[in-house]
Amino acid sequence: MKTTRWSPPSWTSSTASRRRSRDLAAVADGTLSPQVLRENSLLGSVGMLRVLAAVFHNLRTAGVEAEAITGHFRSLAPAMGAPVQEVSIWRKDPKTSESFEVGAYAPVMRQQNISYIVEAVTSWYKKR
């Protein structure tokens, strides 16, 4: 298997969004190892995937179209870099700040922390 070398993302929303999408596709087709994804993106974390799945469920249940949810997830792309930085949205929001430690590659995996993150990310859609 040929493994693609990861490069730091540009922090523009559209570029970061495309990069994250390509990263997941590269893991799926075997050109990027899951380990490399985990070392550089929160998307390599099972906890973050659980959060996004729950947010998707919450928004679809509330009647939000899938395309709109995809747009919401794209807006989060710049914040998906790992490790988590002090200036990250995950550290700035009071609902999520205790669920992401500076330097972490994944959220805190306690159920209550995951619930806080899901609630926050769902509410961020409603504030758009």
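What counts, and at which threshold
Residues numbered from 1 in each chain as written. Predicted model: local features only at pLDDT ≥ 70, side-chain atom pairs only at ≥ 80, totals over all residues. Heavy atoms only, no water. Helix = DSSP H or I, 4+ residues; strand = E, 2+ residues; numbered from the N terminus. Buried < 20%, exposed > 50% of the residue type's maximum accessible area, 1.4 Å probe, protein only. Contact = heavy atoms within 4.5 Å. Core = buried A, V, L, I, M, F, W, Y, C linked by side-chain atoms within 4.5 Å. Expected span 1.5 Å × (residues − 1). pLDDT = per-residue confidence, 0-100. Axes fitted to C-alpha atoms, helices over the stretch in contact; angles between N-to-C directions. Parallel < 35°, antiparallel > 145°, perpendicular 65-115°, else oblique. Nonpolar A, V, L, I, M, F, W, Y, C, P; charged D, E, K, R; others polar. Salt bridge = Lys/Arg side-chain N within 4 Å of Asp/Glu carboxyl O. Polar contact = N/O pair within 3.5 Å; in protein donor to acceptor, adjacent residues only side chain to side chain.

Undergrad: Explain the overall build of the protein here, please?
TA: Tallying secondary structure elements over the protein gives six helices and zero strands in all. Going from the N terminus to the C terminus, the protein shows its helices and strands as α-α-α-α-α-α. Burial status across the protein gives 41% buried among its 128 residues. Across the protein, every contact between residues at least 6 apart in sequence was considered, and the portion connecting residues at least 24 apart equals 54%.

Undergrad: Could you clarify how one ought to interpret the nonpolar core in this entry?
TA: One recurring pattern in soluble globular proteins: nonpolar side chains tend to sit buried together. Leu 42, Met 48, Val 51, Met 80, Trp 90, Phe 100 and Val 121 are the most contacted members of the largest nonpolar core, which has 22 residues in total. Secondary-structure elements contributing two or more residues to this core are α3 (46–61), α4 (66–76) and α6 (111–127).

Undergrad: Looking at this structure, how should I read unusual backbone geometry?
TA: In terms of backbone geometry, most residues other than glycine have negative phi values and most peptide bonds are trans. Following Ala 82, the chain continues into Pro 83 via a peptide bond in cis, with omega recorded as 5 degrees. Looking at the secondary structure, you find Pro 83 in the loop between α4 and α5 (89–92).

Undergrad: What am I meant to see in α6 here?
TA: Residue pairs spaced three or four apart in an α-helix point in one direction, given the helix's 3.6 residues per turn. With 17 residues, α6 ought to run about 24 Å at 1.5 Å a step, and its terminal C-alpha atoms sit 24 Å apart, in line with that. Turning to α6, its buried residues number three or more, namely Asn 113, Ile 114, Ile 117, Val 118, Ala 120, Val 121, Thr 122 and Trp 124. Each element contacted by the buried residues of α6 is listed here: α3, α4 and α5.

Undergrad: I'm lost on the confidence of the model for the protein in this one. Help?
TA: Any region with low pLDDT has predicted coordinates that should not be read closely. Summary statistics for the protein give a mean pLDDT of 87 and a share of 83% for residues scoring 70 or more. Averaged pLDDT values for the elements of the protein fall to 71 in helix α1 (residues 13–29) and rise to 97 in α3. Taken together, the stretch residues 1–13 has pLDDT below 50 and engages in 30 contacts with residues farther than four places along the chain or on a different chain.

Undergrad: Could you clarify how one ought to interpret the packing of α4 against α6 in this entry?
TA: Between two packed helices, both the angle of their axes relative to each other and the distance between the axes serve to describe the pair. Between α4 and α6, the shortest axis-to-axis distance is 11 Å and the interhelical angle comes to 110 degrees. Viewed along their axes, α4 and α6 adopt a mutual orientation that is roughly perpendicular. In this structure, α4 uses Ala 68, His 72 and Leu 76 to contact α6, whose residues at the interface are Val 121, Trp 124 and Tyr 125. Among the residues making up the contact of α4 with α6, the classes are represented as five nonpolar, one polar and no charged.

Undergrad: What is the right way to look at the pattern of salt bridges in this model?
TA: The full count for this structure, using the stated rule, is two salt bridges. A salt bridge links Arg 91 to Glu 86, with the shortest nitrogen-to-oxygen separation between them at 3.7 Å. Of the charged contacts, one joins Glu 119 and Lys 95 as a salt bridge, the two residues approaching to 2.3 Å between their closest N and O atoms. Linking Glu 119 in helix α6 with Lys 95 in the loop between α5 and α6, this pair joins segments that are 24 residues apart in sequence.

Undergrad: Any chance you could explain the environment of Val 64 here in plain terms?
TA: Along the chain, Val 64 turns up in the loop between α3 and α4. Here Val 64 falls in the buried class, since its relative accessible area comes to 12%. Along the sequence, Val 64 and Tyr 125 sit 61 residues apart, while their C-alpha atoms lie 9.8 Å from each other. Ignoring sequence-local partners within four residues, the contact set of Val 64 consists of Leu 59, Ile 69 and Tyr 125.

Undergrad: Can you walk me through the side chain of Ser 41 in this structure?
TA: The residue Ser 41 is located in the loop between α2 (34–40) and α3 in this model. The class for Ser 41 is buried, based on a relative accessible area of 0%. Within polar-contact distance, the side chain of Ser 41 engages the backbone nitrogen of Leu 43 at 3.0 Å.

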